[in-house]
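Chain and residue survey
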Amino acid sequence: MTVYIDPPSWPGHGRMWSHLVSDVSYDELHLFAAELGMPLRAFERDHYDVPSHRYADAVAAGAVEIGSKELVRRLTQAGLRRPKGRPAPPAAH
C-alpha cells in the first residue's frame, strides 16, 4: 500500500493542511485514512484533508512525502483525479 502526502501548505479554518492521496485506488486511500483515525468528512472528491498536526502521524504510518505538484501528477496519471464539479466516488468506510 502506498499513499502520498504533500506538505501542510494549504491554509483553511485557522490552520494549515496537507492532502493525502492514493495512486492505486480510493479503497486503498479510505483504508489508510481509517487506520489513521481520519473522519470520513475529511475526504474531499479525491483526497483527504490532513491538518498539519496530523502530518507526522500520516508519515509515520507510511505515507510518502512528495510535493504538491507531484501529488497532483500522480493522482491524475492514475485516473483518480476528481476536479471540482465532478462527483466523488462513494466512500468505503
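For the structure itself, look to the data block above.
Because the structure is a prediction, the values reported are computed rather than measured.

**Some words on the side chain of His-47**
Summarising the element assignment, His-47 is placed in strand β5 (residues 47-51). Among the polar contacts made by the side chain of His-47, one reaches the side chain of Asp-46 at a distance of 2.8 Å. Within the structure, His-47 has its side chain in polar contact with the side chain of Asp-49 (distance 3.0 Å). Leaving out residues up to four positions away in the same chain, His-47 has contacts with His-19, Leu-20, Val-21, Leu-29 and Ala-42.

**Quick notes on the environment of Pro-7**
Topologically, Pro-7 is positioned in the loop between β1 (3-5) and β2 (10-12). Residue Pro-7 is classed as partly exposed on the basis of its relative accessible area, which comes to 36%. In this structure the C-alpha to C-alpha distance between Pro-7 and His-19, which are 12 residues apart in sequence, comes to 7.9 Å. Look past the residues within four positions of Pro-7 in its chain and what remains in contact with it is Trp-17, Ser-18, Tyr-55, Ile-66, Gly-67 and Ser-68.

**Regarding the pairing of strand β3 (residues 15-22)**
Most of β3 is tucked away, with 6 of its 8 residues classed as buried. Pairing geometry for β1 and β3, over 3 bridges, is antiparallel. When the bridges of β3 are listed, Tyr-4 appears paired with Val-21. Bridging between β2 and β3 involves 3 bridges; their strand directions are antiparallel.

What counts and what doesn't
- Residues numbered from 1 in each chain as written.
- Predicted model: local features only at pLDDT ≥ 70, side-chain atom pairs only at ≥ 80, totals over all residues.
- Heavy atoms only, no water.
- Helix = DSSP H or I, 4+ residues; strand = E, 2+ residues; numbered from the N terminus.
- Polar contact = N/O pair within 3.5 Å; in protein donor to acceptor, adjacent residues only side chain to side chain.
- Contact = heavy atoms within 4.5 Å.
- Buried < 20%, exposed > 50% of the residue type's maximum accessible area, 1.4 Å probe, protein only.
- Pairing = 2+ DSSP bridges.

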